[in-house]
Amino acid sequence: MVIGKLFEALMVVCFGLAWPASIYKSWKSRSTGGKSLSFLIIILIGYAAGILHVILDYDGFNWIIILYGMNAMMVGIDTCLYFRNKRLETR
């Protein structure tokens, strides 16, 4: 069970390493090019499912929920930047 939690944490960390670069690209480019709103929403749903899994399946507090939360926050930021950039493109 402990090894499973370690692999889950490693997976979430690896996915999370990509989001800062994506956020930076969205911020600097001021464009929605290369972004998919449906993809971002699917990823958010996936992280919400991961958070619910941790809440419902583990006894007591599990630090993996922090990783899921941080990733969900970064995807949320990227999603907000998508809407900002969409607005800027329509000007």
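Higher on the page you've got the structure.
Cut-offs used in this document
- Note on numbering: residues in each chain are counted from 1, in written sequence order.
- Reporting of local features is limited, given that this is a predicted model, to residues whose pLDDT is at least 70; pairs of side-chain atoms are given and counted only at 80 or more, and all residues count toward the totals for whole chains, interfaces and linings.
- As a rule here, side-chain values come from all non-hydrogen atoms in the structure, and water together with hydrogens is ignored.
- To qualify as a nonpolar core, a set must consist of buried Ala, Val, Leu, Ile, Met, Phe, Trp, Tyr and Cys residues joined through side-chain atoms within 4.5 Å.
- Buried residues are those whose accessible area, probed at 1.4 Å on protein chains only, stays under 20% of the maximum for their type, while exposed residues exceed 50% and partly exposed ones sit between those limits.
- Secondary structure is summarised from DSSP: a helix means a run of H or I of at least four residues, a strand means a run of E of at least two, and numbering begins at the N terminus for each.
- The criterion used for residue contact is that any of the two residues' heavy atoms lie within 4.5 Å.
- Here the expected span of a helix is defined as 1.5 Å times the quantity of residues minus one.
- To be clear, the arc concerns the directions from the helix axis to the C-beta atoms.
- Patch members must show over 30% relative accessible area and no salt bridge, and they are joined within 9 Å when carrying like charges or within 5 Å when they are nonpolar side chains of Val, Leu, Ile, Met, Phe, Trp or Tyr.
- In short, Shrake-Rupley with a 1.4 Å probe defines the accessible areas, and a residue's cover is counted only from the protein chains shown.
- Here, a salt bridge means any Lys or Arg side-chain nitrogen found within 4 Å of an Asp or Glu carboxyl oxygen.
- Only the six-membered ring of Trp is used, alongside the rings of Phe and Tyr, when aromatic pairs are assigned; centres must lie within 6.5 Å, and planes under 30 degrees apart are stacked while those over 60 apart are edge-to-face, with the rest tilted.

A. Seen up close, the nonpolar core. In this structure, Trp-19, Leu-40, Tyr-47, Val-54, Ile-64, Tyr-68 and Val-75 are the most contacted members of the largest nonpolar core, which totals 16 residues. Of all the secondary structure elements, the ones that give two or more residues to this core are helix 1 (2–29), helix 2 (37–57) and helix 3 (64–89). Here this core takes 8 residues from helix 3, the largest share from any one element. The residues touching Tyr-68, leaving out its near neighbours within four places in the chain, are Glu-8, Met-11, Val-12, Tyr-47, Gly-50, Ile-51 and Val-54.

B. Looking closely at helix 2. In this model helix 2 runs 30 Å from its N-terminal to its C-terminal C-alpha over 21 residues, within 8% of the 30 Å that 1.5 Å per residue would give. Where helix 2 is concerned, the buried positions are Leu-40, Tyr-47, Gly-50 and Val-54. Projection of helix 2 onto a plane perpendicular to its axis shows the buried side chains occupying an angular sector of 75 degrees, all on one side. The exposed set on the far side of helix 2, more than 90 degrees from its buried face, consists of Ile-42, Ile-45 and Leu-56.

C. Just a nonpolar patch on the surface, in detail. A cluster of nonpolar side chains, Ile-3, Leu-6, Phe-7 and Leu-10, forms an exposed patch at the surface whose accessible area comes to about 420 Å². Mapping Leu-6 onto the fold places it in helix 1.

D. Layout of the packing of aromatic side chains. By the definition in use, this model includes 2 aromatic pairs. Centre to centre, the rings of Tyr-82 and Phe-83 are 5.7 Å apart; their planes meet at 85 degrees, and the pair counts as edge-to-face. Take Tyr-82: its relative accessible area is 12%, and that puts it in the buried class. Classification of Phe-83 by relative accessible area gives partly exposed; the value is 48%.

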